[in-house]
Amino acid sequence: MAHWLYKSEPFKWSWEQQVAAADKGTHWDGVRNHLAKQQLLAMRLGDRGFFYHSNEGKEIVGIVEVIKEAYPDPSDPSGKFVMVDLKAVAALKNPVSLAAVKAEPRLAEMALMKFSRLSVQPVTDAEWDIVLEMAGGTF
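Residues numbered from 1 in each chain as written. Predicted model: local features only at pLDDT ≥ 70, side-chain atom pairs only at ≥ 80, totals over all residues. Heavy atoms only, no water.

1. Re the nonpolar core
- One finds Tyr-6, Trp-15, Trp-28, Leu-40, Met-43, Leu-86 and Val-120 to be the most contacted residues of the largest nonpolar core, which totals 19 residues.
- The element best represented in this core is strand 5 (residues 82-97), accounting for 5 residues.
- If we skip the residues at most four places from it in the chain, Trp-28 touches Tyr-6, Lys-7, Ser-8, Trp-13, Gln-18, Phe-51, Met-83, Val-84, Leu-86 and Val-120.
- Listed in part, the 17 residues of the second largest apolar core include Phe-50, Leu-92, Val-96 and Val-131. (Core = buried A, V, L, I, M, F, W, Y, C linked by side-chain atoms within 4.5 Å. Buried < 20%, exposed > 50% of the residue type's maximum accessible area, 1.4 Å probe, protein only. Helix = DSSP H or I, 4+ residues; strand = E, 2+ residues; numbered from the N terminus. Contact = heavy atoms within 4.5 Å.)

2. A look at the packing of aromatic side chains
- Under the defined criterion, the tally for this structure stands at 4 aromatic pairs.
- Each ring, one from Phe-50 and one from Trp-128, has its centre 4.0 Å from the other, and the planes form 20 degrees; the classification is stacked. Of the two residues, Phe-50 is situated in strand 3 (residues 48-53) and Trp-128 in helix 5 (residues 125-135); the sequence distance between them amounts to 78 residues. The two residues Phe-50 and Trp-128 agree in class, both being buried.
- Feature note: the residues Tyr-6, Trp-15, Trp-28 and Phe-51 constitute an aromatic cluster, connected by ring pairs.
- Directly above the ring of Phe-81 sits Lys-37, whose terminal nitrogen or CZ lies 6.0 Å from the centroid.
- Sitting over the ring of Tyr-71, Lys-68 keeps its end group 4.0 Å from the ring centre. (Phe/Tyr/Trp six-rings, centres within 6.5 Å; stacked < 30°, edge-to-face > 60°. Lys NZ or Arg CZ within 6 Å of the ring centre and 35° of its normal.)

3. Considering the layout of surface pockets
- Roughly 560 Å³ of internal volume is contained in the largest pocket.
- Residue lining of the largest pocket: 23 residues in total, with Lys-7, Ser-8, Glu-9, Ser-54 and Ser-119 positioned closest to the centre.
- Residue assignment for the lining of the largest pocket shows that the elements contributing at least two residues are strand 1 (3-8) and strand 2 (26-28).
- Among the elements that take part in the lining of the largest pocket, strand 2 stands out by supplying 3 residues, more than any other.
- For the lining of the largest pocket, the residue count by class is 7 nonpolar, 9 polar and 7 charged. (1 Å grid on protein atoms, 1.4 Å probe; cavity = no way out; pocket = protein on both sides within 12 Å on 5 of 7 lines; lining within 4 Å. Points joined across faces, edges and corners; volume = space filled by probe spheres on them. Nonpolar A, V, L, I, M, F, W, Y, C, P; charged D, E, K, R; others polar.)

4. Considering the pattern of salt bridges
- A complete count under the given rule lists 8 salt bridges for this structure.
- Across the salt bridge formed by Arg-32 and Asp-73, the nearest N and O atoms sit 3.2 Å from each other. Taken together, the residues Arg-32 in the loop between strand 2 and helix 2 (34-42) and Asp-73 in the loop between strand 4 (59-72) and strand 5 connect sequence positions 41 residues apart.
- Taking the shortest distance from any N to any O, the salt bridge between Glu-65 and Arg-48 comes out at 2.9 Å. With Glu-65 in strand 4 and Arg-48 in strand 3, this residue pair connects regions lying 17 residues apart in the sequence.
- In this structure, a network of salt bridges that share partners links the residues Glu-104, Arg-106 and Glu-133. (Salt bridge = Lys/Arg side-chain N within 4 Å of Asp/Glu carboxyl O.)

5. Focus on the sheet that holds strand 6 (residues 120-123)
- Pairing within the open sheet is mixed, and its 6 strands lie in the order 2-5-4-3-1-6. Unpaired on one side and paired on the other, strand 2 and strand 6 mark the two borders of the sheet. On average, adjacent strands in this sheet sit at an angle of 40 degrees to one another, irrespective of strand direction.
- Across 4 bridges, the pairing between strand 1 and strand 6 is antiparallel. Counterpart to His-3 in the pairing with strand 6 is Val-123.
- Of the strands in this sheet, strand 1, strand 4, strand 5 and strand 6 touch helix 2, which is tilted by about 95 degrees from strand 5.
- Those strands touched by helix 5 are strand 1, strand 3, strand 4, strand 5 and strand 6, and its axis lies near 45 degrees from that of strand 5. (Pairing = 2+ DSSP bridges. Axes fitted to C-alpha atoms, helices over the stretch in contact; angles between N-to-C directions.)

Structure below.
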């Protein structure tokens, strides 16, 4: 299983909205970056990712799971980009702020530190475990 990080501005799509979508989940659309597109194409059913509130809050707040692999994004008139469907799995006990990630030396190479503007990012197994440790697990 691979791990990912999905960034969303809470005023556009929040963790609370993701949770409200329940097992039906929702699509993760609007990606218009070719590297992020490659990340979406690499995702498989059951892959899990962190849900990160960007701009407002700047913190990892929950865990989502891929429930439908990449398919064409109908909001893209060029037909070049794809989306996946995600469902909420669990909230983190303690959200992990961007400041906390930056302060953790073991996360210095995390994509969140190196590619801060990328909306979909890979997370290594070691990074996944460290962030969960920092969060005190999930609810």
